[in-house]
Amino acid sequence: MSKVYAPDDPQFADLGPERFVLTQLDDSILDAKFETKPIGFFKDAAIRFSKSRVSIIALIVIAIVLAMAIVGPNMNEYGYNDQNMDYINLPPKIPAFAKSGIFAGTRVLLNRRVDALGDTSRYPEGCIVHKSNYQVINGVELCDVTVDYYKYSGVDDDVYFMFGTDYLGRDLWTRVWRGARISLVIAFVSVILNSTIGLIYGSIAGYYGGSIDMVMMRITEIINAMPTVVVVTLFILYFGNGLLSIIMALVVQNWIGTARMIRAQFYRFKNSEYVLAARTLGVGDRTLMSRHILPNSIGPIITRTMVAIPSAIFTESFLAYIGLGIRAPESSIGVLLSEGQKVLMHYPEQTLFPALLISVLMIAFNMLSNGLRDAFDPTQRGA
Amino acid sequence: MLITLFIIVTIGFMVIRLMPGNTMYADDPDMSAAQIEVLRAKYHLDKPVPVQYVIFLRGLLLEGDWGTSISLYVGVPVWDVLKAKIPVSMYNNIVSLMISLPLGILSGVIAAIRKNTIVDYATSFAVVIFISVPSFIFATLLQYFAAFKWRLFPIIYDASATGAGKLHSLLLPILALSFSPIARVTRYLRAELAETINSDFMLLARTKGLTETQATLRHGIRNSLVPLANVVIPMFTHIMSGSLVIERIFSIPGMGGLMVSSINAPDYPLTLAILIFYSLVSLVTVLVVDLAYGVIDPRIRIGGRNIE
Amino acid sequence: MRKRPLLAIVLLIACALSACGTPAVEPDPDPGSDKPEVYGTLYNYVGTVSTLNPFESSETAGTTIIEACTIGLYEYFPNKTGDGFVFEGQLAIGDPVAKNDEGTLWEIKIHDNAKWENGDPITVDDVIYSLKQVMDPLLLTRRASQVASEYITIKGAVDYCQQGNSNSVPWETVGLKKIDDYTLQVETESFATVNDVKTQFSTKYTHLVHEPTWEACFSADRTSNTYGTITGGWMSCGPFILTDWTEGSQFVFERNPDYIRADDISLEKMVFYVITDSNTALEMFLAGNIDTVSLGAAAIEQYEDDPRLHPSRPGSVTSICVNIGNTKNNNALGNKNFRKALFYATDREAIAKLVKGVPATWIVASAIISSVDTGVFFRDLPEAQAYLPPNNGYDPDLARQYFQTALDELGIDKAEVTMIYSESSSTTKAVSEFLHKTWPEVLGPQFEFKIEGVASSLASSLRKSWTAENPNTYELAWGGWSVSLTDVANGFKVYTGWFNNKNEPHYNDWYDDLWEKANQSERGKTDNDYRLDLCFEMEEYLIDEALTIPIYETPGRRLINDRIKLPLDDYKPAFGWGWMYAKVVD
């Protein structure tokens, strides 16, 4: 049986208050010191992030693309605007693959007169690789001819274009990386602007609520209600198609999504118990917003941002498609894609590389955003 | 909402009428200067912009007159132009929405439940491709392979077909239209759902004996639907507008090309009517969705009050 | 080409048979037979058509449609021998007859058996009604001023159509009178030739509209009309009847058995799809869904050997318009030497390679003929080649020389020039990029050149909106006139001082005088050699002035399915391809 103290119990008779001594009166009370070093929020995140293999790979891929966007355009002797009328629309030719048949600089020419194939003024020595699909149209015998397009166009043997060339004989390798550079600048700047504006706007509207919220949301409604195509087109007609105005066109409506999301998050958390507790402790509005409620939104914001980067590139390419792209002769992924679409049936490789690049970037950003969210908020692991 | 709409009409009118290079019939070599002067007077373009605005507003409010097309469909009331074009685009978009919402939700849920498995990775990969490659590339490829090479579908929209034939000839464009929304819904739902799965009430649900799948379906999805509205609202707004790119490639007589060509013509009354009409549609959608928010998530109903 | 293998076999057999047979049994359609063989459907495509109203239509595609299902007084027809075309009456019988010596009063007889598709007879009342509507002062149709005055000036018509709602000029003052149900009288302001009158009444905007249908399409205040649009009514009376029109999608025509010259038509049906994307059109052709497709620059490489390829001469010269009134750089663009420097700094051969076109240093496009009677192309005349600069106008040394002279004359040591181009045109964009690179290379560091892509509407409105008070709307811009292919002298009007819609602020009385001599004087109208001499003079002057810098021409390239036999095999200016008169040979 356990012993329970009772003043009248004789067993405790000698336990009077006088027998107790205060061990400490002058010093303040301290917890025992942690034996490990303290870790900050970001360091903690960094540790978790580095444990995720996928995120690291994604980061490396993005780093490589960024590095290529910086150095890629200068890696060969061609400038992004070096034109050569003798090199128009050459297919890709990579030295290492020259024998394999892919990227060997060959192209299929349709419906060639069989009787003209021996004409060396049109088909220089040794340029014909393969003939197929013989047919007769209007009494003329025709066949499809696979040619070494470099020889066919009279280009020297030691000339290589890894990604081929475009309608002005410009090197697509240089233009793709140059385009990646411009597109990434457009995307990053516009997304940062979107997130910043959306974050501030959404926080204020969501936190204060009431009539402030009402007015602010009406404003977003007005902006958002107008059809995007019309707004963007009018915007660019007004301000011309420079880098800045394209970025602004991507911002003018897109920040609203972020603002709405942040506002919704604020509504979700502002009446939570912990916020109430913090308020009770006298925490000010600004601190409450930035330190207590906003961090809840980091996950969704990062997801949003990472989706927004490729979709900004995407919108930019739509603008290029309707003829409002970045100013020529500058290159961008959007410009390359829309130029490529025009000749997709004839020169598909001109679309292939920019499309591949944007997909790789997109996958990488996707993985990175997952990794970052896991790192910042371990409760979401694997989400 | 009426005030909002009024502001939109005003801004829209001013923006469109004050466009740079605002000369009517600029590219028309056939009119004499005198005739252009008379024409400008006919459409009140010789008056100051505020006066034009009052005239326009009076017509719109008192007679429901949206104006008359002045260069694309000369003489046709713009409302009639919209009335003829909208149903075509609407058909495509509704079918597309009917395909993409369930498919997107389904694949989003599957990806979330089977997260970090091969299924999840495959879905993410497809999502990424669909979001990152512009629809004009997809549309061109679909048309080239499915319609031209394999002869499974007509290459362009067949206006004379009805019923199943119509759907058949529209399937490719609808598919091309749907890729992006499917991908968007999937990705958003998966992210939201994965976040929800980690929350306390889901832990409780599992603790009381539900399997993860059961818990997700019964408790998780409802919670994830609120943020999903962010993605879905624009889709509803777009039901009545067409895709410029896809309609051009498949020769569909919808709204898509009209917006840009009315700006390029330039046909100001038409541009203005398009702007106002779609703004109205969008406002109504937002209103409906706001109301729906409250139904889905009671917390938002309460949250509307000031916390002070 | 769904039936390609089968077709090939059929063709092979046909070839073999015709090779074996004697020349006497050549498969030649017998011109003596009474009834033409009527069967088959032609599948074609057109660009956007937003209105079929002949008075408002401005799209080339619309012209094709209007031509097929309405009639006018005069028209071009394939001749009986199949090697050319004739310019004859469609609704009219024979040529217009001059009723006075001054050549200002004309009478035109029309057929008495023409009908609308609903059976209503067509009389002179329909003709006069249509002309009255196109010039209606309240409707103000797009074509009003052209009908009132182009090749001929109809008496009182200009005043009538520009009176607004003042009601001061009654219709009776206009020189169009009904003599009887089948005779029309036309009175002109000044001397006109038979050909002038015929040409005026062969334009598509003088085609007929159906009075009751047109009346039903009026808005309440009679200031707008919806005839031939998405919502309005329509009535056919031409070689074909429009049986189905889905706006933005397709047109279906059926042969009109009541058409006056129904014997000319051997097609049972025509289907025109509306296709604006060039890849889509090519796929449609290759799949055998349409019978013809026009090839763009990218596609031409793949089909240059194809026997189905039919080239056609280019109808307009793509040129750089120079705003000579621009005051920037001390009015450098107003300096002739400066403009000539640009002219000679242009490597047109490289550009031609780029756009798969023809280098052009001239003003009059290759498809324009020097005379309707001979059909000889203006560009083929030796006199028209004598004054063209050598080497396609590319001479870097000469260009630098001109440039230095210009700088000295202007007293500046650096010139900065901007060219605008339309973003929606991939060829002018490519050429702009090329010039952006090469012009500064030729002219040196003192020449700074910028290019600026703008929306197509903005490009054209900037090019047109210069005024004396505001001269700097543009510096250089792309342009290219599509003028009459049959009347070479008329086309020079776009550079006269009085021409309203011109690109360059060019005013020169001497030049205007030349134009008037060629087009309005009695000698110019009747003496073709005199007229051509004046044309040479005008063109030489324009090239030398370089107020517009011709760069290139793009020939038409069209694949035509071998199941279609065209009346003239190839494109002919004024006549066109003649799709309506095609025969299906499968």
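Residues numbered from 1 in each chain as written. Chains lettered and ligands numbered in written order. Predicted model: local features only at pLDDT ≥ 70, side-chain atom pairs only at ≥ 80, totals over all residues. Heavy atoms only, no water.

The next subject is the overall build of chain A. If you tally the helices and strands in chain A, you get 13 helices and 3 strands. Projecting the C-alpha coordinates of chain A onto the three principal axes gives extents of approximately 125 × 50 × 35 Å. In chain A, which comprises 383 residues, the share counted as buried stands at 52%. Relative to all contacts within chain A whose residues are 6 or more apart in sequence, the contacts with residues 24 or more apart total 70%. A total accessible area of about 18400 Å² is found for chain A, and carbon and sulfur atoms account for 63% of it. If the 33 positive side-chain charges of chain A are averaged to one point and the 33 negative ones to another, these points end up 3 Å apart. (Helix = DSSP H or I, 4+ residues; strand = E, 2+ residues; numbered from the N terminus. Buried < 20%, exposed > 50% of the residue type's maximum accessible area, 1.4 Å probe, protein only. Contact = heavy atoms within 4.5 Å. Areas by Shrake-Rupley, 256 points an atom, 1.4 Å probe, with all protein chains shown as cover. Lys, Arg positive; Asp, Glu negative; His and termini not counted. Charge placed at Lys NZ, Arg CZ, Asp CG, Glu CD.)

Residue and element names in this part refer to chain B. Locating Ser169 in the fold gives a position in helix 7 (residues 163-197). Here Asp158 takes part through its backbone nitrogen, which lies 3.3 Å from a polar atom of the side chain of Ser169. Ser169 has contacts with Pro154, Ile156, Tyr157 and Asp158, leaving out every residue within four places of it along the chain. (Polar contact = N/O pair within 3.5 Å; in protein donor to acceptor, adjacent residues only side chain to side chain.)

It is worth spelling out the nonpolar core at this point. Core analysis: the largest hydrophobic core is formed by 162 residues, its most contacted members being B:Leu258, B:Ile274, C:Leu282 and C:Leu295. The dominant element in this core, judged by the number of residues it contributes, is helix 4 (residues 172-208) of chain A, at 12 residues. Contact partners of C:Leu282, with chain neighbours within four places excluded, come to A:Met345, A:His346, C:Val293, C:Leu295, C:Ala299, C:Tyr303 and C:Leu559. Membership of the second largest hydrophobic core comes to 82 residues, among which are C:Ile351, C:Leu354, C:Trp362 and C:Tyr387. (Core = buried A, V, L, I, M, F, W, Y, C linked by side-chain atoms within 4.5 Å.)

All right, on to helix 12 (residues 333-342) of chain A then. The element helix 12 of chain A is largely enclosed, with a buried count of 9 among its 10 residues. Listed in full, the buried residues belonging to helix 12 of chain A are A:Ile333, A:Gly334, A:Val335, A:Leu336, A:Leu337, A:Ser338, A:Glu339, A:Gly340 and A:Gln341.

Turning to helix 2 (residues 33-42) of chain B, its buried residues are B:Gln35, B:Ile36, B:Val38, B:Leu39 and B:Lys42. Buried residues in helix 2 of chain B, looked at end-on, bunch into an arc of 160°, giving them a common side. Where the residues of helix 2 of chain B are buried, they touch helix 4 (144-148) of chain C. Just downstream of helix 2 of chain B, B:His44 is the residue with a positive phi angle, here 60°. (Arc of directions from axis to C-beta.)

Here we take up the sheet that holds strand 4 (residues 92-98) of chain C. All names here are of chain C. An order of 4-5-7-6 is seen for the 4 strands of this open sheet, with the pairing classed as antiparallel. Among the strands making up the open sheet, the edge pair consists of strand 4 and strand 6 (176-180). The average undirected angle you get between the axes of adjacent strands in this sheet is 20°. Examined bridge by bridge, strand 6 and strand 7 (residues 183-187) share 4 bridges and lie antiparallel to one another. The residue of strand 7 that forms the bridge with Lys177 is Gln185. In this fold helix 3 (residues 124-134) packs onto strand 5 (105-110), strand 6 and strand 7, with an angle of close to 175° to the strand it touches most, strand 6. (Pairing = 2+ DSSP bridges. Axes fitted to C-alpha atoms, helices over the stretch in contact; angles between N-to-C directions.)

The next thing to look at is the domain arrangement of chain C. Residue and element names in this part refer to chain C. Each assigned domain of chain C is listed here: domain 1 (1-19 + 35-69 + 232-309 + 558-586), domain 2 (71-208) and domain 3 (318-553). The straight-line distance from the C-alpha centre of domain 2 to that of domain 3 is 35 Å. Every contact between the two is made by 8 residues of domain 2 and, on the other side, 9 residues of domain 3. In total, domain 2 and domain 3 occlude about 680 Å² of area from one another, counting both sides; carbon and sulfur atoms represent 57% of this. Joining domain 2 to domain 3, the criterion identifies 2 salt bridges. The salt bridge involving Asp196 is made with Lys525; its shortest N-O contact spans 2.6 Å. Where domain 2 meets domain 3, there are 1 residue pair in polar contact (both at pLDDT 80 or more). Its residues assigned to classes, the side of domain 2 that touches domain 3 shows 4 nonpolar, 2 polar and 2 charged. (Domains from an automatic or database assignment. Buried area = accessible area lost by both parts, 1.4 Å probe. Salt bridge = Lys/Arg side-chain N within 4 Å of Asp/Glu carboxyl O. Nonpolar A, V, L, I, M, F, W, Y, C, P; charged D, E, K, R; others polar.)

A few words now on a negative patch on the surface. Residue and element names in this part refer to chain C. Residues Glu383, Asp529, Asp533, Glu537 and Glu540 make up a contiguous surface patch of negative charge. When residues of the negative patch are assigned to their parent elements, the largest contribution, 4 residues, is made by helix 19 (residues 528-545). Tracing the chain through its elements places Asp533 in helix 19. Exposure remark for Asp533: the relative accessible area of 46% places this residue in the partly exposed category. (Patch = residues over 30% accessible without salt bridge, like charges linked within 9 Å, V, L, I, M, F, W, Y side chains within 5 Å.)

Residue and element names in this part refer to chain A. Taken N-terminus to C-terminus, the directions of helix 4 and helix 10 (residues 285-293) make an angle of 110°; their axes are 11 Å apart at the nearest point. Taken together, the axes of helix 4 and helix 10 lie roughly perpendicular to each other. Crossing of helix 4 against helix 10: the hand is right-handed. Together, Ser203, Ile204, Tyr207 and Tyr208 of helix 4 and Asp285, Leu288, Met289 and Ile293 of helix 10 make up the contact between the two elements. Of the residues in the contact of helix 4 with helix 10, the class split is 6 nonpolar, 1 polar and 1 charged. (Parallel < 35°, antiparallel > 145°, perpendicular 65-115°, else oblique. Left-handed = near helix turned anticlockwise from the far one by under 90°.)

Turning our eyes to something else, we now look at the state of the cysteines. Here, disulfide denotes a covalent bond that connects the sulfur atoms of two cysteines. Residues and elements named next belong to chain C. Within the structure shown, the criterion is met by 0 disulfides over all chains. Counting only cysteine sulfurs, Cys69 is the nearest neighbor of Cys237, a cysteine outside any disulfide, at a range of 8.0 Å. Judged by relative accessible area, which is 2%, Cys237 ranks as buried. (Disulfide = S-S within 2.5 Å.)

Attention now moves to the confidence of the model for chain C. Residue and element names in this part refer to chain C. Across chain C, the average pLDDT comes to 86, with 94% of residues at 70 or higher. Scored below 50 in pLDDT, residues 1-34 shows 18 contacts in the model against residues more than four places distant or in partner chains. Listed scores for the predicted complex are pTM 0.83 and ipTM 0.84. (pLDDT = per-residue confidence, 0-100.)

What follows deals with the packing of helix 6 (residues 135-149) of chain B against helix 7 of chain B. Residue and element names in this part refer to chain B. Remark: helix 6 packs on helix 7, axes separated minimally by 9 Å, with the N-to-C direction vectors making an angle of 145°. Helix-helix and strand crossings are classified by hand; for helix 6 and helix 7 the assignment is right-handed. Every residue of helix 7 that contacts helix 6 at Ser135, Phe138, Ala139, Leu142, Gln143, Ala146 and Ala147 is listed here: Leu172, Leu175, Ala176 and Phe179. The class makeup of the residues in the contact of helix 6 with helix 7 is 9 nonpolar, 2 polar and no charged.

Here the focus is the domain arrangement of chain A. Each domain of chain A was delimited in the assignment, giving domain 1 (59-72 + 169-380) and domain 2 (93-152). Relative placement of domain 1 of chain A and domain 2 of chain A: their C-alpha centres are 46 Å apart.

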